[in-house]
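Here's the letter readout for the chains.
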Amino acid sequence: MITATHCSQCPRLSAETPLSVGPALSHEAFAAIRQSLLLDHCKWDPQVEDRSTLAPFPLIMSTTCWARLAKDAEELAAQTIRAEEYLLTTPHLWPIIGVPRKLRRALAQVSRLGPTPAAVRVMRFDFHFTTTGWRISEVNSDVPGGYCESSSFTRLIAAHFPALHTAGDPAQTWVDAMARLRSGPIALLCAPGFMEDQQVVSYLAQRLRVHGCDAILSEPRQLRWHDGHAHLNDTRLSSIVRFYQAEWLCRLPRRCGWTNFIAGGKTPVTNPGAAILSESKRFPLAWSHLPFDPSAWRRLLPETRDPRNAPWQTDDSWLIKSAYCNTGDTVTIRQLTDATRWRSAARAARWHPGQWLAQKRFETVPLSSPIGQIYPCIGIYVINGVAAGAYGRVSPTPVIDFSATDVALLLNPKAADE
Amino acid sequence: MNKHQCFAAWAPDYSPWSRWAKPVLFAFMDQSPSTQGASALMPSVQSWMPPAPSQRTAIFLDLPGPDSIPIALACAAMGYRPVPVYNALPAERSPTSGSPTNEVVTVRPILESLKAAAPLLAQMHIPADAPPLFLLDANRRTGVEPTEHGWFDNRSVSLPTDFPSANFLLAHGIHRAVLVTASSPMPQEDLAHTLRRYQQAGVEILSQPLASPDLPSPIHVAAPKWYRFAFQRFLAVVGLRRNPLGGFGGMLPDPSSGG
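Here the structure is a predicted model, which is why all the values come from computation and not from measurement. (Residues numbered from 1 in each chain as written. Chains lettered and ligands numbered in written order. Predicted model: local features only at pLDDT ≥ 70, side-chain atom pairs only at ≥ 80, totals over all residues. Heavy atoms only, no water.)

Looking at the overall build of chain B
Rules: Numbering of helices and strands runs from the N terminus; a helix is a DSSP stretch of H or I covering at least four residues, while a strand is a stretch of E covering at least two. Buried residues are those whose accessible area, probed at 1.4 Å on protein chains only, stays under 20% of the maximum for their type, while exposed residues exceed 50% and partly exposed ones sit between those limits. Accessibility throughout is a Shrake-Rupley quantity obtained with a 1.4 Å probe, and a residue counts as covered only by protein chains that appear here.
Looking only at helices and strands, chain B has 7 helices and 6 strands in total. Walking chain B from its N terminus toward its C terminus, one meets helices and strands in the order α-α-β-α-β-α-β-α-β-α-β-β-α. Taken over 259 residues, chain B has a buried fraction of 57%. Total accessible area computed for chain B in this model is approximately 10300 Å², and 57% of it derives from carbon and sulfur atoms.

Some points on the overall build of chain A
Rules: The globule rule used for comparison is 2.2 Å times the number of residues to the exponent 0.38, while the radius of gyration itself is calculated over C-alpha atoms. When checking whether two residues touch, look at their non-hydrogen atoms; a contact exists if any pair is within 4.5 Å.
Per the secondary structure count, chain A includes 12 helices and 22 strands. Radius of gyration (C-alpha) of chain A: 21 Å, near the 22 Å computed for a compact globule of 418 residues. Dimensions of chain A along its principal axes, counting C-alpha atoms only, are 60 × 55 × 40 Å. A burial count over chain A gives 64% of its 418 residues as buried. Taking all contacts inside chain A whose residues are at least 6 apart in sequence as the whole, residues at least 24 apart take part in 75%. Per element, the accessible surface of chain A, about 15100 Å² overall, is 52% carbon and sulfur.

Some points on helix α3 (residues 68–78) of chain B
Residue and element names in this part refer to chain B. α3 sits mainly inside the fold: 8 of its 11 residues count as buried. Within α3, burial applies to Ser68, Ile69, Pro70, Ile71, Ala72, Leu73, Cys75 and Ala76. Where α3 is buried, its residues touch α1 (3–10), β1 (57–63), β2 (81–84), α4 (108–123) and β3 (132–137). Positive backbone phi, approximately 120°, marks Gly79, located one or two places after α3.

A short note on the pattern of salt bridges
Between side chains of opposite charge, a pair can form when the charged atoms approach closely. Residues and elements named next belong to chain A. Quick reminder of the rule: Whenever Lys or Arg places a side-chain nitrogen within 4 Å of a carboxyl oxygen from Asp or Glu, that contact is recorded as a salt bridge.
In total, this model carries 27 salt bridges over all chains according to the counting rule given. The salt bridge partner of Asp72 is Arg299, with a shortest N-O separation of 3.2 Å. Placement of the pair is Asp72 in helix α2 (residues 63–87) and Arg299 in helix α11 (residues 295–300), with a sequence separation of 227 residues. Residue class for Asp72 comes out buried when judged on its relative accessible area of 10%. A relative accessible area of 42% places Arg299 in the partly exposed class. Between Arg305 and Glu303 there is a salt bridge, with the nearest N and O atoms lying 2.7 Å from each other. With relative accessibility at 28%, the residue Arg305 sits in the partly exposed group. What makes Glu303 partly exposed here is its relative accessible area of 39%. Members of the salt-bridge network, linked through shared partners, are Lys43, Asp45, Glu149 and Asp406.

Let's talk about the environment of Ser68(B)
Residues and elements named next belong to chain B. Mapped onto the secondary structure, Ser68 falls in helix α3. Here Ser68 falls in the buried class, since its relative accessible area comes to 0%. The sequence separation of Ser68 and Ala182 amounts to 114 residues, and the corresponding C-alpha distance is 10.0 Å. Filtering out sequence-adjacent residues up to four positions away, Ser68 remains in contact with Leu61, Asp62, Leu63, Tyr86, Leu135 and Leu136.

Examining a positive patch on the surface
Residues and elements named next belong to chain A. Put simply, the rule is: Without a salt bridge and with relative accessible area above 30%, a residue can belong to a patch; like charges are then joined within 9 Å and nonpolar side chains (Val, Leu, Ile, Met, Phe, Trp, Tyr) within 5 Å. Counted charges follow a simple rule, with Lys and Arg positive, Asp and Glu negative, and His plus the chain ends left uncounted. In this description, the location of a charge corresponds to atom NZ of lysine, CZ of arginine, CG of aspartate or CD of glutamate.
Where like charges cluster on the molecular surface, the positive patch consists of Arg101, Lys102, Arg105 and Arg254. Turning to its location among the elements, Arg105 is positioned in helix α4 (residues 101–108). When its relative accessible area of 47% is taken as the criterion, Arg105 is described as partly exposed.

Some remarks on the pairing of strand β19 (residues 372–383) of chain A
Residues and elements named next belong to chain A. For the record, the criterion: Only strands that DSSP links by at least two bridges are regarded as paired with each other.
Counting buried positions over the 12 residues of β19 gives 10, a clear majority of the element. Direction of pairing for strand β5 (residues 122–130) relative to β19: antiparallel, over a ladder of 6 bridges. Looking at β19, one finds that Phe125 is bridged to Ile380. Note: strand β18 (residues 367–369) against β19, 3 bridges, orientation antiparallel. The residue of β19 that forms the bridge with Leu367 is Ile374.

A look at the confidence of the model for chain A
Test applied: Note: pLDDT gives the predictor's confidence per residue, expressed from 0 to 100.
Predicted confidence across chain A gives a mean pLDDT of 91, with 95% of residues reaching 70 or more. In the model, residues 1–15 of chain A has pLDDT below 50 throughout and makes 37 contacts with residues more than four positions away in sequence or in other chains.

Remarks on the pairing of strand β6 (residues 133–140) of chain A
Residues and elements named next belong to chain A. Taken across its 8 residues, β6 has 7 buried, putting it largely inside the fold. Where β5 and β6 come together, 7 bridges link them in antiparallel fashion. In the strand pairing of β6, Thr130 is matched with Gly133. The turn linking β5 back onto β6 is made up of 2 residues.

Quick look at the sheet that holds strand β13 (residues 239–242) of chain A
Residues and elements named next belong to chain A. Note the following rule: Axes here refer to lines fitted to C-alpha atoms; in helices the fit is confined to the stretch in contact. Angles between the N-to-C directions go from 0 to 180 degrees.
With parallel pairing, the 4 strands of this open sheet are ordered in space as β9-β8-β13-β14. Looking along the sheet, the strands with just one partner apiece sit at the ends: β9 (215–218) and β14 (269–270). This element, helix α8 (residues 195–210), spans β8 (186–189) and β9 of the sheet and lies at about 165° to β9.

Here we look at α4(B)
Residue and element names in this part refer to chain B. The cut-off we apply is this: A helix is expected to reach a length of 1.5 Å times the quantity of its residues less one. Given a residue, its bend is the angle between the two axes fitted to the seven residues that end at it and to the seven that start from it.
For α4, with 16 residues, the first-to-last C-alpha span of 24 Å sits near the 22 Å given by 1.5 Å per residue. Taking the largest bend as the criterion, α4 deviates by roughly 35°, centred on Ala117, and proline Pro119 comes between one and four positions later. Among the residues of α4, Ile110, Leu111, Glu112, Ser113, Leu114, Lys115, Ala116, Ala117, Ala118 and Leu121 are the ones counted as buried.

Some thoughts on the side chain of Asp190(B)
Residues and elements named next belong to chain B. Note the threshold: Two N or O atoms form a polar contact when they lie within 3.5 Å of each other; inside protein one atom must be a possible hydrogen donor and the other a possible acceptor, and for residues adjacent in sequence the pair counts only when both atoms belong to side chains.
Here Asp190 is to be found in helix α6 (residues 189–200). In terms of polar contacts, Asp190 uses its side chain to reach the backbone amide nitrogen of Ser158, at 2.8 Å. Asp190 has contacts with Arg140, Arg141, Val157 and Ser158, leaving out every residue within four places of it along the chain.

Here it is in structure tokens:
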């Protein structure tokens, strides 16, 4: 077993970056972890074309640095919740955020029917260490994934580094919170055909069952709503895990009763429909209308503008992305994008500026690793207001998307802070 | 064999193609003996012989249900490395009755065949440099039964990212690929995205419908709809759209939910 008890094995944290790359596990040790994840922990997409999605080495951060990031994430989450509560009451701001028209109609029912209660509230803030310090690129406010990677994968890697520890087990924190709700069947919903989503709900269902909960996998169309209560195969559900993004809900047939996920429902849902308001990457365009200053957001998120008000077409210090960009797929940087894709994205941003945004680019500090130069991203989960763990990902380019490599983030209590 | 041993038999560490073996069905294997008898692993169609492994040809067996598995065993005995890329979730057992919930795509027989074949595969001495033979379920996108309320919708699509790149194939000396189907000479729309990429990179694509007595013949894989569109990976799932006459699934032309 490889250990990392000494600094010689854990590269020192330098003044330049608070993150370092730990030593890679032996081939045999990593193969055992990989197979365990695949067969015991619902990690079913370990390979994307020629790239492994699992890194055989950890990222390492000082405990003090983690504490500061966790505090930032909790502050961001508190401001996000407060903003959502205000935005729910201000329908004239919804078009500014880019909320789809059908969802606006559903959100409008909240004032009359009340919001569908939240079961557990989960957000994940994606932090990047840049040339100007820590920045966030976004919050995954609606349907954050990565539980297996941030929990089981990180724990299995951590077992080989006794001097280091994890930043938490987000899946366990989430399960504990779900289990505190009233007992009864819990439906976990995702879209058919999306294995990357099915593996997330399968993993969460597995963790719930270990806890003694009755977890059922299904999809939104299978639910039946009676008087605001959700039923599956005539069984009344105690709560719903909606791993099905809100902007998809409104494309379901009305007879599915999908508006119950947002307004008038009595079955608690995680995440609640209000998450659609902060999930939009155009959320910052509403800040000036809030009755408070979202100071943590302003400090950590790069400047964001409507595409009509930014020189993104001539100035490469800006990037563009769509308002509902779930896995980084529409993040478009001219210098890093082929000409055809750039033209396609630029055209979409010009034709539908209300669905896109321009954002100042930041320069993530790369690290050297056994798989070459990597750009790290640390997603911090906040569950019911408390930081619960981290989802590490690295990419050979500054953009983190679906093909990024998952990496365990471990904390070093003995390391000096940056 | 337990599920770890079964998976190791199908995706041994030493094979360069094992990385692409899909684990989902193996994850659902229990320790009970396979319900498939040995006769189920005998090829039902003997009319087709794959090229000799020395010809460095990749094979894509796109046959319904578990039909690919007996052929894969026969090919493995010749020196091919079978790579199961079945990527559908089986229905779980009902918490009330204990019996499996109905599933739109019947994958339990595939799971049982994979389990039954694992000991046989483990005994074979397949060379490390054996060319790959990818196993798919031809029913993956549609299933064989109409969707009814309460059924588990486990349809799936094959994506280019589920396979090695053309560069990887070429680097391993693979310059030809044979698509084996039940009757159609052309690939299904989802697999066409992968084969089209290979073709453009210089890999010759041949087709062998099992119903045909002819030898494999070269085909031209035309660019499928949305080919190389930036979000093709996700638009593939558009193929699961609801048919106004009562089809399957939903239209989901967007990236996955998970962020």
